[in-house]
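# Descriptive analysis of the structure
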Amino acid sequence: MQLPVLSAVQRSPEQVGSPLLDNYGRAITYLRLAVTDRCNLRCTYCMPEHMRFLPTKELLSDEEIMRLVEICGELGIRKIRVTGGEPFVRKGIMELLWNIKKTRGIEEVHITTNGVLTAPYVPELVKMGIASVNLSIDTFNEERFVELTRRNEFTAVMQSFEALAASPIPLSVNAVIMDGKNTDDVIAMCEQTKYTDFSMRFIEEMPFNGGTHELIAPLWTHAQILSEIRSAYPHLQKLEKNDPAATADLYQIPGYAGKIGIIAGFSRTFCGACNRIRITAKGMLKTCLYDNGAVNLKSLLRNEASNDKIRATITDATFQRFRDGFEAERHTHASRVFDSMSEIGG
């Protein structure tokens, strides 16, 4: 579907705010918020073993994060996903989550975590009313887990999986599929949904490899992943999307409790319906996963910009979005690889 390109001068006062609209008429209601660049794993596809983390002063403070969250709530953001790095390594993360959850206008708070530190917090996350958790587990094979993450934290991660699966919080497990690394695990991971009600989601590999290689399309695309699953489950059923902007295509194996999801992160089949913006751990606003960053919000905050100025900046940046990730890549030369996933806002 061809989306209309709106002119900035066509915006009425009603269009600037609830909801925040981009220049293609898409309502922007979802913020992915990275609260740290630090992580306690070193997943091979995400960051190098000797990652250079930012000094703490270069990260957004709690007060700066909350000011941006409040402004985003005023602009029509209703859903926030807290990401990293690994959010639970940030000091005071639970207090920050409570404050985000209480913010006027914010209806849903979601979390993406690697699960190393998560299990003890699950009862409080339930009490808080967290809307969902995405748990990153690229294999349920302990030996392969250690190989892929370069850390021996399998037991802690599985404790988080079990605690979340037993809780009322909707759970998705995200696995990045890497040729020759965990492709043999795809069917075994699907089998985990037989008796447990969660979404097992497979993601195309992205080029977060420390800036050492050219950007090359993954061998295991969404089509290849689906073909592998159908080879074992020929009666796999595709499910209707409840949310047109959802990144995952959902399936179910007949008779199984859980669901299967496939996310075409590299192929970008979902770009046209994108409803999200990102704020990175160092305060960069990204209006597309594939751009280089639209504006430095941290600089505005630390130069004592007014809330009106920050609101206008976010609104104007949103109204200059690219149609999709391919256009963003062409215009910003953002096809370079990144040191880690935290650089793109989680």
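Residues numbered from 1 in each chain as written. Predicted model: local features only at pLDDT ≥ 70, side-chain atom pairs only at ≥ 80, totals over all residues. Heavy atoms only, no water.

Residues Gly 84 and Gly 85 are joined by a peptide bond in cis, for which omega reads 10°. Relative to the helices and strands, Gly 85 is located in the loop between β4 (79-83) and α2 (93-101). Non-glycine residue Arg 150 carries a positive phi angle of around 60°. For Arg 150, the location among the structural elements is in the loop between α4 (142-149) and α5 (154-165). In the Ramachandran plot, Glu 304 falls in the positive-phi region, its phi being about 60° despite a non-glycine side chain. With respect to the helices and strands, the residue Glu 304 is situated in the loop between α8 (297-302) and α9 (307-318). Glu 304 gets classed as exposed once you look at its relative accessible area, which sits at 72%. (Helix = DSSP H or I, 4+ residues; strand = E, 2+ residues; numbered from the N terminus. Buried < 20%, exposed > 50% of the residue type's maximum accessible area, 1.4 Å probe, protein only.)

In this structure, Phe 202, Ile 229 and Ile 314 are the most contacted members of the largest nonpolar core, which totals 86 residues. Among the elements that line this core, the one with the most residues is helix α1 (residues 62-74), at 6 residues. Apart from residues lying up to four places away in sequence, Phe 202 is in contact with Ala 175, Ile 177, Val 186, Met 189, Cys 190, Ile 225, Ile 229, Ile 260, Gly 261, Ile 262 and Ile 263. (Core = buried A, V, L, I, M, F, W, Y, C linked by side-chain atoms within 4.5 Å. Contact = heavy atoms within 4.5 Å.)

Right, let's talk about α4 for a bit. Of all the residues in α4, the buried ones are Phe 145, Leu 148 and Thr 149. Buried residues of α4 fall within an arc of 85° about the axis and therefore sit on the same side. Facing away from the buried side of α4 by more than 90 degrees, the exposed set consists of Glu 143 and Glu 147. Those residues of α4 that are buried are in contact with α5. The residue sitting at the N-terminus of α4 and contributing the capping side-chain oxygen is Asn 141; that oxygen lies 3.1 Å from the backbone nitrogen of Glu 143. (Arc of directions from axis to C-beta. Polar contact = N/O pair within 3.5 Å; in protein donor to acceptor, adjacent residues only side chain to side chain.)

Attention now goes to the pattern of salt bridges. The full count for this structure, using the stated rule, is 11 salt bridges. Of the charged contacts in the structure, one is a salt bridge between Arg 26 and Asp 22, with a shortest N-O distance of 2.7 Å. A salt bridge links Lys 298 to Glu 58, with the nearest nitrogen and oxygen atoms 3.1 Å apart. With Lys 298 in helix α8 and Glu 58 in the loop between β3 (30-34) and α1, this pair connects stretches of sequence that are 240 residues apart. The class of Lys 298 is buried, set by a relative accessible area of 10%. On the basis of relative accessibility, which here comes to 31%, the residue Glu 58 falls in the partly exposed class. The structure contains a network of salt bridges with shared partners spanning Asp 22, Arg 26 and Arg 321. (Salt bridge = Lys/Arg side-chain N within 4 Å of Asp/Glu carboxyl O.)

Turning next to the confidence of the model for the protein chain. Predicted confidence across the protein chain gives a mean pLDDT of 87, with 82% of residues reaching 70 or more. Predicted confidence is poor over residues 6-17, with pLDDT under 50, and the contacts of this stretch with residues over four places away or in other chains come to 18 contacts. Across residues 334-339, confidence stays below pLDDT 50; counting only partners more than four residues off in sequence or on other chains, it has 30 contacts. (pLDDT = per-residue confidence, 0-100.)

Before going further, it helps to spend a moment on α2. For an α-helix, 3.6 residues make a turn, and residues three or four places apart therefore share a direction. Of all the residues in α2, the buried ones are Ile 93, Met 94, Leu 96, Leu 97 and Ile 100. Seen end-on, α2 carries its buried residues on one side only, within an arc spanning 160°. The elements touched by buried residues of α2 are β3, α1, β4, β5 (108-113) and α3 (122-128).

Turning next to the environment of Val 146. Inspection of the secondary structure puts Val 146 in helix α4. Spatially, the C-alpha atom of Val 146 lies 9.6 Å from that of Leu 41, the residues being 105 residues apart in sequence.

Let us now look at the environment of Val 133. Among the structural elements, Val 133 can be located in strand β6 (residues 132-136). In this structure Val 133 comes out as buried when scored by relative accessible area, which is 1%. Through-space distance from the C-alpha of Val 133 to that of Ile 169 is 7.0 Å; in sequence the pair is 36 residues apart. Once residues within four sequence positions are removed from consideration, Val 133 is found in contact with Ile 111, Thr 113, Leu 164, Ile 169, Pro 170, Leu 171 and Ser 172.

Within this structure, the stated rule accounts for 5 aromatic pairs. Ring plane angle 20° and centroid distance 5.2 Å describe the contact between Phe 88 and Tyr 121, whose orientation is recorded as stacked. With Phe 88 in the loop between β4 and α2 and Tyr 121 in the loop between β5 and α3, the pair connects residues that are 33 residues apart, well separated along the chain. For Phe 88, a relative accessible area of 5% translates into the label buried. For Tyr 121, a relative accessible area of 28% corresponds to the partly exposed category. An angle of 70° between the planes, with centres 5.5 Å apart, marks the rings of Phe 145 and Phe 154 as edge-to-face. For the pair formed by Phe 145 and Phe 154, the shared burial category is buried. Ring-pair connections join several aromatic residues into one group, and the members of that group are Phe 140, Phe 161 and Phe 198. Against the face of Tyr 30 rests Lys 79, its NZ or CZ located 4.2 Å from the ring centre. (Phe/Tyr/Trp six-rings, centres within 6.5 Å; stacked < 30°, edge-to-face > 60°. Lys NZ or Arg CZ within 6 Å of the ring centre and 35° of its normal.)

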